[in-house]
Amino acid sequence: MNLQNIVIVLSHPEESRNVGAVCRAMANNSIKELRIVGSRESIDDSRVRILAIHASPIWDKATFYESITKATKDCVCAAGTTRRRGKKRKGKLYLPEEFAEIASGATDNDGKVAIVFGNERTGLTDEELLECTSGVTIPSSDEFASLNLSHAVQIMCYHIFRHTKKNFTGYTPISLERLDKTVTSIADSLQDIGFFSKTGRPDMEQFWRTILSRASLSESEARYLEKTFDKAAGLASHNKG
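Residues numbered from 1 in each chain as written. Predicted model: local features only at pLDDT ≥ 70, side-chain atom pairs only at ≥ 80, totals over all residues. Heavy atoms only, no water.

## So, the sheet that holds strand β7 (residues 134-136)
Line of reasoning, step 1. With parallel pairing, seven strands are arranged side by side in an open sheet as β3-β2-β1-β6-β4-β7-β5. Strand pairing shows two members of the sheet lacking a second neighbour, β3 (63-65) and β5 (93-94), which therefore form its edges.
Line of reasoning, step 2. The pairing of strand β4 (residues 75-81) with strand β6 (residues 112-117) spans five bridges and is classified as parallel. Residue pairing across strands places C75 opposite K112, the latter belonging to β6.
Line of reasoning, step 3. Those strands touched by helix α7 (residues 149-163) are β1 (6-11), β4, β6 and β7, and its axis lies near 155° from that of β6. (Pairing = 2+ DSSP bridges. Helix = DSSP H or I, 4+ residues; strand = E, 2+ residues; numbered from the N terminus. Contact = heavy atoms within 4.5 Å. Axes fitted to C-alpha atoms, helices over the stretch in contact; angles between N-to-C directions.)

## Quick look at the pattern of salt bridges
Line of reasoning, step 1. In the structure shown here, the tally under the stated rule is 15 salt bridges.
Line of reasoning, step 2. The shortest N-O distance in the salt bridge between R47 and E15 comes to 3.5 Å. Of this pair, R47 sits in helix α2 (residues 45-52) while E15 sits in the loop between β1 and α1 (16-28), placing them 32 residues apart in sequence.
Line of reasoning, step 3. Using a relative accessible area of 25% as the deciding quantity, one classes E15 as partly exposed.
Line of reasoning, step 4. Among the salt bridges present, the one from D60 reaches R49, with a minimum N-O distance of 2.5 Å. Of the two residues, D60 sits in helix α3 (residues 56-60) while R49 sits in helix α2, which places them 11 residues apart along the sequence.
Line of reasoning, step 5. Since its relative accessible area comes to 43%, D60 is described here as partly exposed.
Line of reasoning, step 6. Three or more residues are tied together by salt bridges with common partners; here these are E33, R35, D74 and K112. (Salt bridge = Lys/Arg side-chain N within 4 Å of Asp/Glu carboxyl O. Buried < 20%, exposed > 50% of the residue type's maximum accessible area, 1.4 Å probe, protein only.)

If you want it as structure tokens, here you go:
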């Protein structure tokens, strides 16, 4: 995913502070190109900066257009966000994570991909959605389905950004072969302190293997467990002596 090729398009936003919050949501996810259908004069610069904070350079570089069609003319696809379905509303609507897959292939081939958001009060009209090439919907409660503009932008940007790190887990879980060494170490320590008889050891090992495999231990966590049980066995032996 080439995030430099992701474009956020706002169609006639009404609340200037929402534009600032959108800039911040984009910055959170390393997406920097903002296009707005409307005029810069219709937006209060000072109110944008209240919520944009350090993301104000995105607002400074924002470009303005007369229509969605003109704002997306250099893009290979333009996805309009909508919570409503219907004959005139693209039929099939992608989920954010599904659209992220599509965007990944397009942006990696140097194509620009636009995600289009409608006015806070009305969303994208049927006519505006027709200017887009596809539709995306963010599932939400039937009791209160409408999302704040910046929240919708944050969700879409996050899924796009998350796709660039889809293999990231924060650590590498140990293999089952390595886990078995930890289980053996725990069982050795428990046996040393007389926790079970030799005949009960297989069941105990199976118990620890089952629960620790679900925990997806890291290497450091496995070593910490081994040291904990080893120290407990040592203390028990010392106190017994």
